[in-house]
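Letter by letter, the chains look like this.
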Amino acid sequence: MSLPARLIEGYEAFRTGRLPNEQSRYRDLAERGQSPQIMVIGCCDSRVSPEVIFDAGPGELFVVRNVANLVPPFSPDGMYHGVSAALEYAVQVLRVRHIVVLGHGRCGGIRAFVEQAEPLSPGDFIGKWMSMIAPAAAAIGTPSDGPGSYFTRLEHAAMATTLENLMTFPCVRILSERGRLTLHAAYFDVASGELTVRDPVTGLFGSVIKHAIRAAP
Ligand SMILES: [Zn+2]
């Protein structure tokens, strides 16, 4: 049983192209371990790869991806919590300085919630998972309650909920209050490739380029 040909070809391209250029970096990372400064919480969507969007090399981003880039609230209930485990490791062991929630347009998870899609299996894992954004949906009202695309508004609101949920983790809250950890939300428009970032004061999303210029000394 072989890997799909696409992956074998891709690995061959990596092995002969990128790997020789980054061999020393890989060796260094192998010896010293990883120490990324940034955690990204992204969507599983194949069009929204954080490493591609941020042009990141090995060891730079600690990434966890799930349907619709959500983080459940802190709930130490003895169940299996994959996102919480990754978060715990990133914050308490790697000591990342930034957590970026990376949302995107045309998110299938958000669409499934809006359209109240039928369960795909008896477990209805997507339905249960996406029910997490019900408060965000309630907060923005109906599709006719605001300007622009309802989907975009809901995608933005879901990210705000995720930021709130992140703060329910004591380790995140404490380090954030001490100024040692900063939370961000960024939104990738799949069609245009534009990245916008959420203003923590207004909650509005604006061009990342404008923010970068404003942030410059
Ligand atoms: Zn998505």
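In what follows, the accompanying structure is described. Every chain is numbered on its own, with residues counted from 1 as its sequence reads. Local features in this predicted model are restricted to residues of pLDDT 70 or higher, and side-chain atom pairs are both shown and tallied only at a pLDDT of 80 or more, whereas totals for entire chains, interfaces and linings draw on every residue. The side-chain quantities take in all heavy atoms of the structure and omit both hydrogens and water.

## A word on the packing of helix α3 (residues 82–93) against helix α8 (residues 170–177)
Stage number 1. Only C-alpha atoms enter the line fits that serve as axes; for helices the fit covers just the stretch in contact. Angles between N-to-C directions range over 0 to 180 degrees. Helix numbering and strand numbering both begin at the N terminus, where a helix is a DSSP run of H or I of at least 4 residues and a strand a DSSP run of E of at least 2. Contact pair α3 / α8: the axes reach a minimum separation of 10 Å and the direction vectors enclose 35°. The two elements α3 and α8 cross, and the hand of that crossing is left-handed. Mapping the contact onto sequence places Leu87, Val91 and Gln92 in α3 and Cys171, Val172 and Leu175 in α8.
Stage number 2. Residue polarity follows a fixed list, in which Ala, Val, Leu, Ile, Met, Phe, Trp, Tyr, Cys and Pro are nonpolar, Asp, Glu, Lys and Arg are charged, and the others, Gly among them, are polar. Among the residues making up the contact of α3 with α8, the classes are represented as five nonpolar, one polar and no charged. Handedness of a crossing follows from how the near helix is turned relative to the far one, being left-handed for an anticlockwise turn of less than a right angle and right-handed for a clockwise one. Working rule for contacts: check all heavy atoms of both residues, and any pair within 4.5 Å makes them a contact.

## With respect to the coordination of the zinc ion
Stage number 1. Note on donors: an N, O or S atom is included if it sits within 2.8 Å of the metal, or within 3.2 Å for Na, K and Ca, and water is never included, so sites can look incomplete. Note on the zinc ion: its protein donors are Cys43 (SG), His104 (NE2) and Cys107 (SG). The metal-donor distances range over 2.0 to 2.3 Å.
Stage number 2. We note that the donor set of the zinc ion lies within a single chain, spaced as C-x60-H-x2-C.

## Describing the environment of Ile99
Stage number 1. Take Ile99: it is sitting in strand β3 (residues 98–104).
Stage number 2. With 62 residues separating them in the primary sequence, Ile99 and Gln37 have C-alpha atoms 8.8 Å apart.
Stage number 3. Leaving out residues up to four positions away in the same chain, Ile99 has contacts with Met39, Ile41, Leu87, Val91, Leu166, Leu181, Thr182, Leu183 and His184.

## Some remarks on the nonpolar core
Stage number 1. Think of a nonpolar core as a cluster: buried Ala, Val, Leu, Ile, Met, Phe, Trp, Tyr and Cys residues, connected wherever their side-chain atoms sit within 4.5 Å. When accessible area is computed with a 1.4 Å probe and restricted to protein chains, residues below 20% of their type maximum are described as buried, those above 50% as exposed, and intermediate ones as partly exposed. Within the largest apolar cluster, 26 residues are counted, with the highest numbers of intra-cluster contacts made by Met39, Leu87, Val91, Ile99, Leu166, Val172 and Leu181.
Stage number 2. Of all elements in the fold, only β1 (38–43), β2 (61–66), α3, β3, α7 (150–166), α8 and β4 (182–188) reach the threshold of two or more residues within this core.
Stage number 3. Top element by residues in this core is α3. It accounts for five residues.
Stage number 4. Core analysis: the second largest hydrophobic core is formed by 15 residues, Ala136, Tyr150, Leu154 and Ala157 among them.

## Focus on the environment of His98
Stage number 1. Looking at the element boundaries, His98 is found in strand β3.
Stage number 2. We classify His98 as partly exposed; its relative accessible area is 30%.
Stage number 3. Residue contacts for His98: discarding those within four places in its chain leaves Gln37, Ile38, Met39, Leu181, Thr182 and His184.
Stage number 4. Counted as a polar contact is a pair of N or O atoms within 3.5 Å, where, for protein atoms, one must be capable of donating a hydrogen and the other of accepting one, and residues adjacent in sequence contribute only when both atoms are in side chains. Side chain to side chain, His98 and His184 meet in a polar contact 2.8 Å long.

## Re the side chain of Thr196
Stage number 1. Mapped onto the secondary structure, Thr196 falls in strand β5 (residues 195–198).
Stage number 2. Since its relative accessible area comes to 12%, Thr196 is described here as buried.
Stage number 3. Excluding residues that lie within four positions of it along the chain, Thr196 makes contacts with Ala185, Ala186, Tyr187, Phe205, Gly206, Ser207 and Val208.

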